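# What the coordinates show
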Amino acid sequence: MHIDLDAFFVSVEQAENSELKDKPVVVGGRPERRGVVAAASYEAREFGLHAGMPLATASRLCPQAIFIEGNFTKYRQASQKFIAILADFSPFLEPVSLDEAYLDVTGFESLHGSIHQMASNIKKQVKDELGLSASVGIANSKVVAKIASELAKPDGLLEVAPGEDRSFLKPLPISRVPGIGKKTEPRLKGLGIDTIGNLSLIPLSTLKSHFGVFGEVLHRLSRGIDDRKVEPPAEAKSISRETTLAEDTRERPFLEATLCYLGERVGSELRWQDKQTRCVTLKLRYADFTTITRRHSLKEAISADQTIFLTGLRLMKRALSQEKQAVRLIGIGVSNLTGPGRQLYMLDSGAARLERLDCAIDRIRKKYGFTSIQTGRTLKLKDIFPKTESGYTLQTPSLSR
Ligand code: TTP
Ligand code: MG
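From a predicted model like this one, the values you see are computed outputs, not experimental measurements. (Residues numbered from 1 in each chain as written. Chains lettered and ligands numbered in written order. Predicted model: local features only at pLDDT ≥ 70, side-chain atom pairs only at ≥ 80, totals over all residues. Heavy atoms only, no water.)

The protein atoms that coordinate the magnesium ion (ligand 2) are Asp4 (OD), Leu5 (O) and Asp99 (OD), at distances of 2.1 to 2.2 Å. Geometry at the magnesium ion (ligand 2) is octahedral, judged from its 6 donor atoms and the angles of 76 to 179° they form at the metal. (Donors = N, O, S within 2.8 Å, 3.2 Å for Na, K, Ca; no water. Tetrahedral: all angles 85-135°; square planar, octahedral: opposite > 155°, others 65-115°.)

Take a look at the structure:
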């Protein structure tokens, strides 16, 4: 099965506030702000709105739409409950993103009824417990299940019987194949290929000569051949937070405060995963869109906000001393993760004290919200970013959580 929630961020808001139901709603921010649509309700999609569209364009196409900032903590909580519902049906569960997962239920029919019945039960449970609607595709392979769930949207359930893959795929436009996007689609159309059925008739050698290795993938997928297993995901290799700024800026105290805030978000996620890091990375995008990353390796694995921030700050000072342009985007990340953390408790070193401090702050924030306790450095952001219990609302809510 491939299960994907419909208009996820928006649906969470609609489930919470009945005034938003059946209306064009956008999560992403106020239309006056720079930024893009993260999620649009199906009512808003009737006006051509979609994820990734600039908010200003969205508001021009659909002035009556209701624009909401969004609250990532809320979406993550909903996601955790959604994944927990799926886990009750089978341990072969592979979450792909917050609102999307593959579930292999082969062999569990005696426990939960037919696969179709399980899919209906999942949809019902998600609706009853979370107030959200899910679309489900059932097929013999991941790729066909995913195409089926997308076709079934919204609130749909589509089963492709074994052996029916090719006849199911045949009439569909090539854009339905995952991986065929803005680049590949026109090239295929230029070759006279517009349906998946047409694509499946092209010899492998022809596809390879045009698309290299991707040609082989296209050849297989167009026939519904996909032997990837449903596998629990590998652990995160890095954690990062970044945001585009409302205006390009050179103002150091503001950049430092923002870096500090993003570093704290990274640190709290790192500790939440019970990990430590040995590498801090800074990312800057300048006014002309040139993007740089600078990294620094640490001698010891750490998880302290202060170390993450000060390392990032050093990298930023060095980068800005060599650059005259204003900054458009700022981000910080950690990689080379080890875990579990906290071995430092045994030593009463400065590092151990910092870790204890962070753990205490984490506990307070878990109970009373992220902004219930703040470092002085990030306080000056309160005049610039809207503040909620779960944190400052930055320009890119899904990335700056
Ligand atoms: P999607 O599943 O791609 O989109 P959706 O759930 O809003 O709509 P549907 O599945 O019914 O087509 O993404 C899930 C969430 O991820 C989405 O609600 C918001 C977030 N998201 C972004 O923040 N930015 C993006 O560019 C996209 C595509 C999604
Ligand atoms: Mg979705």
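More follows now that the structure is in view.
Quick look at the sheet that holds strand 12 (residues 327–338) now. Strands sit in the order 9-12-10-11 across an open sheet of 4 strands; the sheet is antiparallel. Strands with a single pairing partner mark the edges of an open sheet, and in this sheet they are strand 9 (238–249) and strand 11 (291–302). Between one strand and the next, the sheet's axes are offset by a mean angle of 15°, whatever the strand orientation. Direction of pairing for strand 10 (residues 276–286) relative to strand 12: antiparallel, over a ladder of 10 bridges. Bridge pairing in strand 12 places leucine 282 opposite isoleucine 332. (Pairing = 2+ DSSP bridges. Helix = DSSP H or I, 4+ residues; strand = E, 2+ residues; numbered from the N terminus. Axes fitted to C-alpha atoms, helices over the stretch in contact; angles between N-to-C directions.)

Strand 10 sits mainly inside the fold: 8 of its 11 residues count as buried. Where strand 10 and strand 11 come together, 8 bridges link them in antiparallel fashion. In the sheet register, threonine 281 faces strand 11, and the bridge partner there is arginine 295. (Buried < 20%, exposed > 50% of the residue type's maximum accessible area, 1.4 Å probe, protein only.)

A complete count under the given rule lists 24 salt bridges for this structure. Here lysine 208 makes a salt bridge to glutamate 216, at a shortest N to O gap of 3.5 Å. Exposure remark for lysine 208: the relative accessible area of 39% places this residue in the partly exposed category. One continuous salt-bridge network, built from bridges that share partners, spans Arg271, Asp305, Asp358 and Asp362. (Salt bridge = Lys/Arg side-chain N within 4 Å of Asp/Glu carboxyl O.)

Let us now look at the packing of aromatic side chains. A full pass over the atoms with the stated rule returns 9 aromatic pairs. A centroid spacing of 5.9 Å and a plane angle of 90° characterise the contact between tyrosine 261 and phenylalanine 370, whose relative ring orientation is edge-to-face. With tyrosine 261 in helix 13 (residues 252–272) and phenylalanine 370 in the loop between helix 15 (350–368) and helix 16 (376–379), this residue pair connects regions lying 109 residues apart in the sequence. Neither tyrosine 261 nor phenylalanine 370 differs from the other in exposure class; each is buried. With a centroid separation of 6.3 Å and 50° between ring planes, the pair formed by phenylalanine 385 and tyrosine 392 is classed as tilted. (Phe/Tyr/Trp six-rings, centres within 6.5 Å; stacked < 30°, edge-to-face > 60°.)

Here we take up the environment of isoleucine 180. In this structure, isoleucine 180 sits in the loop between helix 8 (165–169) and helix 9 (184–190). What makes isoleucine 180 buried here is its relative accessible area of 6%. Sequence separation between isoleucine 180 and lysine 283 is 103 residues, and the spatial gap between their C-alpha atoms is 29 Å. Setting aside chain neighbours within four positions, we find isoleucine 180 in contact with Ile174, Ser175, Glu185, Leu188, Leu199, Phe214 and Leu218. (Contact = heavy atoms within 4.5 Å.)

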